[in-house]
Amino acid sequence: NAGVMQNPRHLVRRRGQEARLRCSPMKGHSHVYWYRQLPEEGLKFMVYLQKENIIDESGMPKERFSAEFPKEGPSILRIQQVVRGDSAAYFCASSPPVRVNTEAFFGQGTRLTVV
Amino acid sequence: DAKTTQPNSMESNEEEPVHLPCNHSTISGTDYIHWYRQLPSQGPEYVIHGLTSNVNNRMASLAIAEDRKSSTLILHRATLRDAAVYYCILYNAGGTSYGKLTFGQGTILTVHP
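Residues numbered from 1 in each chain as written. Chains lettered and ligands numbered in written order. Predicted model: local features only at pLDDT ≥ 70, side-chain atom pairs only at ≥ 80, totals over all residues. Heavy atoms only, no water.

Attention now goes to the packing of aromatic side chains. One pass over the full model with this rule turns up nine aromatic pairs over all chains. Their ring planes at 80 degrees and their centres at 6.0 Å tell us that A:Phe106 and B:Tyr36 sit as a pair that is edge-to-face. Here the residue A:Phe106 occupies a position in strand E10 (residues 105-106), and B:Tyr36 occupies one in strand E3 (residues 32-38), the pair thus bridging two chains. Relative accessible area serves as the criterion here: at 10%, A:Phe106 is assigned to the buried category. Here the aromatic residues A:Tyr35, A:Phe45, A:Phe106, B:Tyr36, B:Tyr46, B:Tyr87 and B:Phe103 are joined through ring pairs into a cluster of three or more. (Phe/Tyr/Trp six-rings, centres within 6.5 Å; stacked < 30°, edge-to-face > 60°. Helix = DSSP H or I, 4+ residues; strand = E, 2+ residues; numbered from the N terminus. Buried < 20%, exposed > 50% of the residue type's maximum accessible area, 1.4 Å probe, protein only.)

If you want it as structure tokens, here you go:
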């Protein structure tokens with residue numbers, strides 16, 4: 001059973017370009033969470049999605065950032081018109097449908113560098 | 001979200017036990033205590049969780065104070081691979097925090113050979 005798969009592992013974008021980060025949850029998991037870790041800082045929650053629904057996007061920046069989790073395929077975190085401050089590690093986590101006190105499984109992250 | 005307080009850093013020698021403390025004086029009755037760790041350049045990894053009773057698994061033990069206002073993660077024999085940032089997180093399955101983990105600064109554990 002493969003773990004949470006994120007790709008690419010490393011992504012370099014020039015200022016103004018778009019960045020697309022992909023996350024394939026573990027098999028059977030229908031809940032996906034995105035977190036961002038800025039250099040030398042802790043992880044910050046961004047968004048929580050279930051299939052075809054955004055449940056909680058309270059941690060998403062108001063502009064340029066969007067996330068989706070379609071019925072088929074991976075979850076996508078999209079950053080439009082990237083700026084240097086978007087350089088960070090972006091982690092995806094998944095959990096099974098009923099999550100009362102069970103663990104979340106994290107991917108290895110995508111390290112975005114904006115030049 | 002209820003807040004946790006952890007020391008910024010701790011050090012240990014290899015093969016010795018490590019006790020990582022966490023204070024959570026505002027914990028509510030339905031908050032679970034979760035521990036995750038993050039190895040260098042890796043995603044966070046679940047370690048253990050508990051509600052009221054002490055818990056053991058293959059990775060660690062979790063000792064929870066009787067009043068639940070503090071807990072201690074115990075690594076019985078630290079190895080070099082245990083060097084990581086350890087996060088103590090209060091998780092409430094209900095309400096608006098459902099599914100969301102709130103990470104603090106964690107404790108940086110250094111293990112000396």
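Now, onward.
Let us look at the side chain of B:Thr4. Residues and elements named next belong to chain B. In this fold, Thr4 is placed in the segment before strand E1 (9-13). By relative accessible area, which is 17% here, Thr4 ends up buried. Side-chain polar atoms of Thr4 contact the backbone oxygen of Cys88, separated by 3.1 Å. Ignoring sequence-local partners within four residues, the contact set of Thr4 consists of Cys22, Asn23, His24, Cys88 and Leu90. (Polar contact = N/O pair within 3.5 Å; in protein donor to acceptor, adjacent residues only side chain to side chain. Contact = heavy atoms within 4.5 Å.)

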